[in-house]
Amino acid sequence: MPLTRGQSLRTETHLRVERWEGTSRGAPALRGTSLNKTIAVLIPAIFAQAVGNVFLSMRMKEIGDTHLLSLLPLAIESPTLWLGTALLIVSFILFAAALSWADLSFVLPAVSVEVVVNVVFASYFLNEIVSLTRWTGVLLISIGLILVLRSEREKERQKRHKLLEGSTQ
Amino acid sequence: MATIILADSAGDVFLTKGMKEVGEISTINPRTLLAIGRKVIGNRSFLAGIFFISIFFFSFLIVLSWADLSFVFPAKSLVYVVSTLGAKWILKETVPLQRWGGIFLVCLGVALISLP
């Protein structure tokens, strides 16, 4: 019976799509498409990294210009340095987690936002003067990021399309 | 400088390979995450990634002690391009033209920012 067959096909399509979307199920906070999940993990990674860097350079500037070895005892005593390092570790763990499902060719440029955030934080919290060249760099990175994001969205659309096609064959 | 860029890129590629071998993390259950963490630490590709990143870090420190900062920092941004080549050739990721364009712009932007 053609009608039943069509119905069963539709159900199967449904199931496949559900299975695909289900890759990020099990974690309510992370539910959604895989791109959303990647972004949800990378944003805290980028902020942890940026705040960590601010802590580190704040403390290092207080210490001043020293030798690497004479720094060690100072570093162990300083809670700011510990906090900064801990944040960098958290950021690394999140970065690695995102790589467990996302493309390296997407995650790597995506994480370059951290360079932009670092410049903004440095100018805001550390009162560093940011040159015009740097702001040009910020602009270029931003355009690059938009392109990378668009390519990822396109790839995801194609992946979804392929799954739908595969299930109707 | 070549050692720095290659080591950093190799680190990225191996790290990704290891994480892909462990599989997609799709839980926030602490106990499961701990088990995944243990699996990650025991993964050879992941450890190779950490090894290369350490090589990168120390060679970077060494180079910083003698080389010109205005050369080292911008040159380091080539990692974006080299890692993407690694992702394409070794990890078999498809890299569309639009993404290549974006990565080149990011590379250029990072180079500009890291000029002293």
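The preceding data block contains the structure.
Residues numbered from 1 in each chain as written. Chains lettered and ligands numbered in written order. Predicted model: local features only at pLDDT ≥ 70, side-chain atom pairs only at ≥ 80, totals over all residues. Heavy atoms only, no water.

*Asks:* Would you mind going over helix H6 (residues 113-124) of chain A with me for this structure?
*Replies:* Since one α-helical turn is 3.6 residues long, residues separated by three or four positions face the same way. With twelve residues, H6 of chain A extends 16 Å between its outermost C-alpha atoms, agreeing within 8% with the 16 Å of an ideal straight helix rising 1.5 Å per residue. When we look at burial in H6 of chain A, the residues that qualify are Glu 114, Val 115, Val 116, Val 117, Val 119, Phe 121 and Ala 122 of chain A. (Helix = DSSP H or I, 4+ residues; strand = E, 2+ residues; numbered from the N terminus. Expected span 1.5 Å × (residues − 1). Buried < 20%, exposed > 50% of the residue type's maximum accessible area, 1.4 Å probe, protein only.)

*Asks:* Any chance you could explain the pattern of salt bridges here in plain terms?
*Replies:* When the charged atoms of two side chains with opposite charge come close together, those side chains can pair. Under the definition given, this model contains six salt bridges over all chains. We note a salt bridge from Asp 103 of chain A to Arg 99 of chain B, for which the minimum N-O separation is 3.4 Å. Of this pair, Asp 103 of chain A sits in the loop between helix H4 (79-99) and helix H5 (104-111) while Arg 99 of chain B sits in helix H6 (residues 97-113), placing the two residues on different chains. The class of Arg 99 of chain B is buried, set by a relative accessible area of 0%. (Salt bridge = Lys/Arg side-chain N within 4 Å of Asp/Glu carboxyl O.)

*Asks:* So what exactly am I meant to see when it comes to the interface of chain A and chain B here?
*Replies:* Size of an interface: often given as the accessible area lost when the parts come together. Each partner contributes residues to the interface: chain A has 41 residues there, and chain B has 39 residues. Here chain A meets chain B over a buried area of about 3,200 Å², counting both sides, of which 70% is carbon and sulfur. Note that Glu 152 of chain A and Arg 99 of chain B form a salt bridge whose closest N and O atoms lie 2.4 Å from each other. The interface formed by chain A and chain B holds 15 residue pairs in polar contact (both at pLDDT 80 or more) in total. If you list the elements that add at least two residues to the side of chain A that touches chain B, you get H4, H5, H6 and helix H7 (132-168) of chain A. With 16 residues, H7 of chain A is the single largest residue contributor to the side of chain A that touches chain B. (Contact = heavy atoms within 4.5 Å. Buried area = accessible area lost by both parts, 1.4 Å probe. Polar contact = N/O pair within 3.5 Å; in protein donor to acceptor, adjacent residues only side chain to side chain.)

*Asks:* What is the right way to read the packing of aromatic side chains from this model?
*Replies:* Residue and element names in this part refer to chain B. If you walk through the whole model with that rule in mind, you get five aromatic pairs over all chains. A centroid spacing of 5.6 Å and a plane angle of 20° characterise the contact between Phe 56 and Phe 60, whose relative ring orientation is stacked. With Phe 56 and Phe 60 both in helix H3 (residues 44-66) and four residues apart, the pair spans about one turn of that helix. We note that Phe 56, like Phe 60, is buried. (Phe/Tyr/Trp six-rings, centres within 6.5 Å; stacked < 30°, edge-to-face > 60°.)

Read these as spatial facts, not as claims about activity.
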